[in-house]
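Understanding the architecture of this molecule
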Amino acid sequence: MSRPTYYNKSLKETLLKANEMVRAEVLELAKTYTEDQLNAKPDQETWSANECFEHLNLTFEQYLPAINQGLSTYSGPPSIEYTSGFAGDRMIRAMAPSKGEVPVRKKVKTFKKINPSLQSAFVVPPIERLLEYLSEYEALVDRIEDLNLQKVRVTSLAGPLIKFKLGDALLIIN
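In this text, all values refer to a predicted model and were calculated from it rather than measured experimentally. The numbers attached to residues start from 1 for each chain and follow its sequence in the written order. Selection of residues for local features in this predicted model requires a pLDDT of at least 70, selection of side-chain atom pairs for listing and counting requires 80 or more, and totals for whole chains, interfaces and linings are taken over all residues. To get the side-chain values, all heavy atoms of the structure are used, and hydrogens and water are removed first.

1. So, the overall build of the protein chain
Heads up, the condition is: Labels follow the DSSP assignment, with helices taken as runs of H or I lasting at least four residues and strands as runs of E lasting at least two, numbered in each case from the N terminus. Per-residue accessibility, obtained with a 1.4 Å probe over protein chains only, is compared with the maximum for each type, and a residue is labelled buried under 20%, exposed over 50%, and partly exposed between these values. Here, two residues are considered to be in contact whenever any of their heavy atoms come within 4.5 Å of each other. Surface accessibility follows the Shrake-Rupley procedure with a 1.4 Å probe radius. Residue values consider only the protein chains on display as shielding.
In terms of regular secondary structure, the protein chain is built from 6 helices and 4 strands. Reading the protein chain from its N end, one meets helices and strands in the order β-α-α-α-β-α-α-β-β-α. Going through the 174 residues of the protein chain one by one, you find that 36% of them count as buried. By sequence separation, contacts in the protein chain at least 24 residues apart represent 79% of the contacts at least 6 residues apart. In the structure as shown, the protein chain presents an accessible area of about 10,800 Å², 56% of it carried by carbon and sulfur atoms.

The following block contains the structure:
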């Protein structure tokens, strides 16, 4: 199976549109539900809405500095397209929501460092932090048209042995 090729401009538009949809949904949930409702767990094995938000926060907390580190060492001419890397493509596919596939795809275990149920109580409300991270992410995505997304490398959560191309990292945290 060949890995997908993305064009920076259309990838930027796709990521910004998805980011705006997430922001709108988060704001709607914040207006619609009480804090108690956001903290309620449907069952013992399922995260609450706030734990889902915190998972996203912890993911941003890990990846945004790694992306900025990758950008700080980047120099070179821009490119208008990139092809997804092997590790990045595998991660993107593994985390993509199932689209009514039968049977439903197997759940992917999360890394301990981004598992909200292993973290202490929320210091800052998860929605507030998530909105800040979405803004920071948006600012990064705004810059990708002028970069070579193949050359900027981002260290994965698994450790320094696995690095993603910048475009893959942006799709993973999207």
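Further notes follow.
2. Focus on the pattern of salt bridges
The following threshold applies: Salt bridges are defined by distance alone: a side-chain nitrogen of Lys or Arg within 4 Å of a carboxyl oxygen of Asp or Glu.
For the coordinates displayed, the defined rule picks out 8 salt bridges. The salt bridge involving Lys12 is made with Glu145; its shortest N-O contact spans 3.2 Å. Residue Lys12 is located in helix 1 (residues 8-32), and its partner Glu145 is located in the loop between helix 5 (126-141) and strand 3 (153-156); the two are separated by 133 residues in the primary sequence. Owing to a relative accessible area of 15%, Lys12 belongs among the buried residues under this scheme. By relative accessible area, Glu145 is classed as partly exposed at 33%. The partner of Glu138 in a salt bridge is Arg23, and the shortest N-O contact between them spans 2.7 Å.

3. Points about the packing of helix 3 (residues 49-72) against helix 5
This is how it is decided: Axes here mean lines fitted to C-alpha atoms, for a helix over just the part in contact, with angles spanning 0 to 180 degrees between N-to-C directions. The cut-offs work like this: below 35 degrees is roughly parallel, past 145 is roughly antiparallel, 65 to 115 is roughly perpendicular, and the gaps in between are oblique. Each helix crossing is assigned a hand: it is left-handed if the near helix lies turned anticlockwise from the far helix by less than a right angle, otherwise right-handed if that turn is clockwise.
One can describe the packing of helix 3 onto helix 5 by two numbers: an axis separation of 9 Å at closest approach and a directional angle of 30 degrees. It follows from the interaxial angle that helix 3 and helix 5 lie roughly parallel. The handedness of the crossing between helix 3 and helix 5 is left-handed. For the pair helix 3 and helix 5, the contacting residues are Asn50, Phe53, Glu54, Leu56, Asn57, Phe60, Glu61, Leu64, Ile67, Asn68 and Leu71 in the first and Pro126, Ile127, Arg129, Leu130, Tyr133, Leu134, Glu136, Tyr137 and Leu140 in the second.

4. Section: helix 1
Worth spelling out the cut-off: Multiply 1.5 Å by the residue count of a helix minus one, and that product is the helix's expected span.
The end-to-end C-alpha distance of helix 1, which contains 25 residues, comes to 36 Å, matching closely the 36 Å that a straight helix rising 1.5 Å per residue would cover. Along helix 1, the residues classified as buried are Asn8, Leu11, Lys12, Leu15, Asn19, Arg23 and Val26. Tucked into the core, helix 1 has its buried residues touching strand 1 (5-7), helix 3, strand 2 (81-83), helix 5 and helix 6 (166-173).

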